[in-house]
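Notes for the structure review
Take a look at the letters that make up each chain.
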Amino acid sequence: MFGNYLAASLRNLARNRLYAGITIAGLAIAFSSAMLIGLYLRHELTYDRFIPGHERVFLLNQKIKPENKPLVDMDDSSANLAADLKLDFPQIEYAARMAPSGFPATVRRGSVSNSERNFAWVDPDFFKILPVPTVAGDAGTALEAPDAIVLTRSTARRYFGKDAPLGGQLLVDGNPMRVAAVIEDLPTNTHLVGDLFASGRAPASMLRKLDAAGYSANSNLTYVRLKAGVSASAMNAALRGFAERRIWPAHRLQNPNEKIDLYELRLKPLTSIHLQPADGGDPKPGADVKVLAGIGVIGVLIVVVAAINFVTLMTARAARRAVEVGVRKALGAGRGDLIVQFMGEAFVYVAVALVLAVAIAELLLPAVNAALQRKIAFSYLTDPPLLIAMLGAALATALLAGLYPALVLSSFRPASVLKGGPVASGGGGIVVRQVLVVAQFAVLITLVLSTVTIFRQTAFALRDATHTDKAGVLILFAAPCTDTLRDAVRAVPGVRAAACSSPMAVNLGNSQDMVEAAGRHVLLNYAPVDFGFFDVYGVRPLAGRVFQSDRPGDDGAKLANTSPTLMLNESAARMLGFKSPQAAVGHLVSWHFIRGLSMTNLGGTIPPPQKSEVIGVVPDFTFGSVRQPINPSYYYVGPKDDVLGSVALNIKLNPEHTTQAVSDIGRLWAKIGRGMPLQQYFADQFMLRLYIDNIIQGGFVAICAVIAISIACLGLFALSAYTTERRTKEIGIRKAMGASSQDILRLLLWQFTQPVLWANVLALPAAWLVMNWWLKGFAYHVSVAPWTFAAAAVAGVLIAWGTVFVHALRVSRARPVGALRYE
Amino acid sequence: MLRLDKVTKVYRTAEVETLALNEISLEIGAGEFVAIMGPSGCGKSTLLNTLGLLDTPTSGAYSFFGEDVARRSERELTVLRRDRIGFVFQSFNLIDDLTVAENVEVALLYRKVPSAERRRRVTEALERVGIAHRARHRPQQLSGGQQQRVAVARALVSEPSLILADEPTGNLDTANGEAVMALLTDAAAAGVTVVMVTHSLSHAAVAQRTIKLLDGRVVSETLLAA
């Protein structure tokens, strides 16, 4: 029996190559998309699960809500935290810190020299908490020695040309360090970013510098591994008392005027770091669970769109199988037999599509990995859960898509169909098909609208929302950025302007100071800048003036006993109680001018407050993400002798000489850069790092929209071919009665326009809700524009017309005599 | 063996009610060859479908080989059809996607006949109708007469008690029509009850009895041969 069914299925499939091909192609494209989406989602949902005992590993997270300011959620914490936790809680097996190198470390061995962005200083117990797979040595004990460094396998190869160069020497910022262990390259589904992990005990270690800051800075990550059987929730409860005991006394001493509405210190599970990202501190951008859920829904929708093709084409063409059904029933087939047969056909279609989909997914995975910057594997043969999920999903699709056509086909009454009579349930079938086409188009209109909105928001975030003109601006990192370097670069042909700035000015870290004006105390961000900094980015003052090098009072580097003048951004002026930007200009504010601002004296004694004149107010601008509100900030020109005060040279280039200027600056750096690797980025590309997830999301949704549109168009194309063919006789009669070709064309196009109009009715409100919800995640965002809705609605109709036009035109032009002879 | 007692069949649509069979009573014996004649729309095919359990009467009683089947469920009718009836249609109704042999085999599939036996019986049936050499062809590759012979083979292969033939020669030329009639006559001679709807007087003459229908009623019965 099975052989007979299979023969009928395969031959039916072969005889109807167009329809079968369209159905299978749609299913194959949909399955491969769903596989890639599924692999991506699994990757995102399994961060750090490769670490043995990850259930007992936690990162310390802090939530602080200062009075009148938004809540800050940070994964970075203070240098003293790890040691104090270990002292106070015997439940903790190990506690260790990780700190980035600050300015990217220069690592050298012989002629190989690199600026290492993925360099971290870690406490000796770090790899006991996070026991990653090791290639050579014992990473758990390797970092006890102050000159020890642990490399990943590929970093070891990069410097030493071999996998296990134990004992090999590297120069880190000129200090010799010894390779004590080599670990496997980290997978991409870990929150860790690291190629080199150096012992925090090294004299040059950032952790040693942070030790001096105690609880006054939050610049490192603190990890703990709890002893077996210890409850995380009990620990969290105990951490409240710990904060009162250990953290607050130090904090209050430093900021006596600061009022805090809420403070919480808690353990964040290792596996939640990626899915519950904080506002600051995470080594990698986190994932947005809602967006992941959205991507998952899109994956399912694509399969649904393809399954709908299967249902519409199978039921539309049911009449052609009517004789077979009639004969089989007359010969004794029960309805169950026929349901089994037609369900079997669905399985044949799905099986063929699945094989094709696996091939497509394998072909596309390298490109997907490159685009997503991931290392996702697709080893379905050695990955039983993946294989089961794939087969299960295919089986479910076959069952769901096959059931309705099987029920329709098996319901034919043999007495009627064998005499060529009307096929039963045809009317119901037409309604169901219309509903399914409406559903398909609703999905694709929603996807088109989502794509457009995501791209508008990304463009807004990169161009308009930051209120700076970053076009043609090159940022060169120097340690530190000095007047000499700046002046040398200014002399390069093609350079229009150049100015140094602190890392805070370009949102690479932030520092805060308690500022007072007319009795009002406010915590403001501060950022030392250089003369001409605002000009480079086209930031014009709303009131007053910018810093001028010919005014001695503006230059903090040259003032011996007084503090330099200040500029505020609009938010800072407002928070200090000034009614307008103009009102702030000329007023004195009291602040703490740290003359020797430096990485080495972080957390040192804060000087007494001094009063300075506000000379100008600039609009709020940012180099950070528009997801967070722009911080109220003040700016001043300070000394340029340390990276904390001056790290970035911002260079505005003449667009006509960009290439030449960039290479000239490179040559200049080779001469005066003291052998340091050149690190320069175009400002707009530098901003891209903040929105890379947006761009990936936008690209993802756009690709999914194109896929869904293609599949839906394939289905509509086949359905229109079939429908016009079925209506050939009717069209002949209409033409014989005097209808013109245009009348017929209008009739057929209208038939396919109706479902698209209904789809708009469903899709537009849904898309409006979804996009408003998504945009709420940004502090600054575009609004959902009515024109995009109109455009999506029109696009839906045009797509439908474009798809069915060929068939409609052909049939409408046919001579009536030919059509009447049909059947 | 087949007995209809005041069988009425009414087709109802939203606007029209059609009386297709009007209190028909008749009896057909085992091994009998009966022809049904009448003008278009007189209810011939409805009668045949009712006899073949493809349709159920609106009222009246139908005894099918001793069983009252007028109120049986579709499932029970399916089982009876599978075990007792073979069909031959005017338009052959072969499944285009299956070969000749596979088409004939369909009649055995639902009876759970083991595959070796199926093959043997299909070959026998095809030889019996003289089309064994075309076993691997598709229906579209055969002439009308050849297709109808396949349809007869399909009806015979399950060794039914009853063969229902709806204008089996309607689409055939004279020679092929004669050949198909010969096959049906042979089946009747072998003890199979054959009920055939036909417009052809000469083919009706081959049957033992001719029943004439008009407007859903039996208007005459002619016994042609003993």
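Below you will find a few notes about this structure. (Residues numbered from 1 in each chain as written. Chains lettered and ligands numbered in written order. Predicted model: local features only at pLDDT ≥ 70, side-chain atom pairs only at ≥ 80, totals over all residues.)

This part is about the overall build of chain A. Broken down by element type, chain A carries 24 helices and 24 strands. In terms of principal-axis extent, the alpha carbons of chain A reach across some 105 × 60 × 55 Å. Relative to its full complement of 823 residues, chain A shows a buried share of 44%. In chain A, the share of contacts with a sequence separation of at least 24, taken over all contacts with a separation of at least 6, comes to 83%. (Helix = DSSP H or I, 4+ residues; strand = E, 2+ residues; numbered from the N terminus. Buried ≥ 20, exposed ≤ 12 C-beta atoms within 10 Å, placed from the backbone. Contact = placed C-beta atoms within 7 Å.)

All names here are of chain A. Packing of helix 1 (residues 2-15) against helix 11 (residues 335-372) brings their axes to within 10 Å, and their N-to-C directions diverge by 55 degrees. Between helix 1 and helix 11, the interaxial angle falls into the category oblique. Regarding helix 1 and helix 11, the two cross each other, and that crossing is right-handed. When helix 1 is examined against helix 11, the residues Tyr5, Ser9, Leu10 and Leu13 are found in contact with a partner set consisting of Gln341, Gly344, Glu345 and Val348. Each residue belonging to the contact of helix 1 with helix 11 can be placed in one class, and the counts come to four nonpolar, three polar and one charged. (Axes fitted to C-alpha atoms, helices over the stretch in contact; angles between N-to-C directions. Parallel < 35°, antiparallel > 145°, perpendicular 65-115°, else oblique. Left-handed = near helix turned anticlockwise from the far one by under 90°. Nonpolar A, V, L, I, M, F, W, Y, C, P; charged D, E, K, R; others polar.)

Quick look at the sheet that holds strand 8 (residues 193-197) of chain B now. Residue and element names in this part refer to chain B. Strand order in the open sheet made by the six strands is 6-7-8-3-9-10, with mixed pairing throughout. The open sheet terminates on both sides in strands that have one partner only, identified here as strand 6 (85-89) and strand 10 (217-223). Here the average twist between neighbouring strands, direction ignored, is 15 degrees. Taken together, the five bridges between strand 6 and strand 7 (residues 162-166) define a ladder with parallel strand orientation. Residue Phe89 lies in a different strand from strand 7, and its bridge partner there is Asp166. Helix 5 (residues 144-157) rests against strand 6 and strand 7 of the sheet, and its axis sits at about 170 degrees to strand 6. (Pairing = 2+ DSSP bridges.)

It is worth spelling out the interface of chain A and chain B at this point. Contacts between the two partners involve 22 residues from chain A, matched on the other side by 21 residues from chain B. Where the side of chain A that touches chain B is concerned, the elements lending two or more residues are helix 1, helix 10 (322-330) and helix 13 (414-417) of chain A. Along the lines of polarity and charge, the residues of the side of chain A that touches chain B split into 11 nonpolar, five polar and six charged.

Turning our attention to helix 6 (residues 174-189) of chain B. Residues and elements named next belong to chain B. Spanning 16 residues, helix 6 covers 22 Å between terminal C-alpha atoms, matching the ideal 22 Å at 1.5 Å per step. All buried positions along helix 6 are accounted for by Gly177, Val180, Met181, Leu183, Leu184 and Ala187. The buried residues of helix 6 all sit within an arc of 155 degrees when viewed along its axis, so they share a single face. Helix 6 presents Thr174, Ala175 and Ala189 as exposed residues on the side facing more than 90 degrees away from its buried surface. Looking at the packing, one finds that the buried side of helix 6 touches helix 5, strand 7, strand 8 and helix 7 (201-204). Immediately downstream of helix 6, the backbone of Gly191 shows phi near 105 degrees, a positive value. (Expected span 1.5 Å × (residues − 1). Arc of directions from axis to C-beta.)

All right, on to the pairing of strand 21 (residues 610-618) of chain A then. All names here are of chain A. Pairing of strand 18 (residues 543-544) with strand 21 involves two bridges; the strand directions are antiparallel. By the bridge assignment for strand 21, Ala543 is matched with Val617. Direction of pairing for strand 20 (residues 588-591) relative to strand 21: antiparallel, over a ladder of four bridges. Looking at strand 21, one finds that Val589 is bridged to Ser612.

Here we come to the packing of helix 3 (residues 100-109) of chain B against helix 4 (residues 115-128) of chain B. All names here are of chain B. Across the interface, helix 3 lies against helix 4 with an axial gap of 9 Å and an inter-helix angle of 120 degrees. When the interaxial angle is binned, helix 3 and helix 4 end up oblique. In the crossing of helix 3 with helix 4, the sense of the turn from one axis to the other is right-handed. Residues Ala101, Val104, Glu105 and Leu108 of helix 3 form the contact with helix 4, whose participating residues are Arg118, Arg121, Val122, Ala125 and Leu126. The residue makeup of the contact of helix 3 with helix 4, split by class, is six nonpolar, no polar and three charged.

Turning next to the environment of A:Thr562. Residue and element names in this part refer to chain A. As for its position among the elements, Thr562 is in the loop between strand 18 and strand 19 (566-569). Overall, Thr562 belongs to the exposed group, with 12 C-beta atoms counted inside 10 Å. Separated by 232 residues in sequence, Thr562 and Ala330 place their C-alpha atoms 105 Å apart.

All names here are of chain A. An ideal rise of 1.5 Å per residue puts 21 Å on 15 residues; helix 19 (residues 658-672) measures up with 21 Å between its terminal C-alpha atoms. What helix 19 keeps buried is the set Ala661, Ile665 and Trp669. Mapping the buried residues of helix 19 onto a view down its axis gives an arc of 80 degrees, with all of them on the same face. In helix 19, the exposed positions angled more than 90 degrees off the buried face are occupied by Thr659, Ser663, Arg667, Ala670 and Lys671. Those residues of helix 19 hidden inside the fold are in contact with strand 14 (473-477), helix 15 (483-490), strand 15 (495-501) and strand 23 (648-653). Positive phi appears at Arg674, one or two residues downstream of helix 19, with a value of about 50 degrees.

Turning to the sheet that holds strand 2 (residues 17-28) of chain B, a few remarks are in order. Residues and elements named next belong to chain B. Strand order in this open sheet of four strands is 2-1-4-5, and the pairing throughout is antiparallel. At either margin of the open sheet sits one strand with a lone partner, and together these are strand 2 and strand 5 (67-68). Inspection of the sheet shows strand 1 (residues 2-12) paired to strand 2 by eight bridges, in the antiparallel sense. Looking across to strand 2, one finds that Val10 is bridged to Leu19.

Let's shift gears to the nonpolar core. With 175 residues, the main nonpolar core has A:Phe31, A:Ile302, A:Ala708 and B:Ile36 as its most contacted residues. Of the residues forming this core, the biggest block, 16 residues, is contributed by helix 20 (residues 683-726) of chain A. The next biggest cluster of nonpolar side chains, apart from the first, holds 70 residues, and it includes A:Leu524, A:Ala543, A:Leu597 and A:Ala683. (Core = buried A, V, L, I, M, F, W, Y, C linked by C-beta atoms within 7 Å.)

This paragraph deals with the pairing of strand 5 (residues 112-116) of chain A. Along any regular strand, the residues point their side chains to alternate faces of the sheet. Residues and elements named next belong to chain A. Across five bridges, the pairing between strand 4 (residues 105-109) and strand 5 is antiparallel. Bridge pairing in strand 5 places Ala105 opposite Glu116. Between strand 4 and strand 5, which pair antiparallel and follow one another directly, the connecting turn spans two residues, one of which, Gly110, has a positive phi of 60 degrees.

A few words on unusual backbone geometry. All names here are of chain B. One non-glycine residue, Glu159, lies in the positive phi region at around 50 degrees. Positionally, Glu159 belongs in the loop between helix 5 and strand 7. The backbone of Glu167 shows a phi angle near 45 degrees, a positive value even though the residue is not glycine. Take Glu167: it is sitting in the loop between strand 7 and helix 6.

What follows is about the environment of A:Asp163. The topology assignment puts A:Asp163 in the loop between helix 6 (153-160) and strand 9 (169-172). With near-sequence residues (within four places) excluded, A:Asp163 lies in contact with A:Val135, A:Ala136, A:Arg153, A:Ala156, A:Arg157 and A:Val182.

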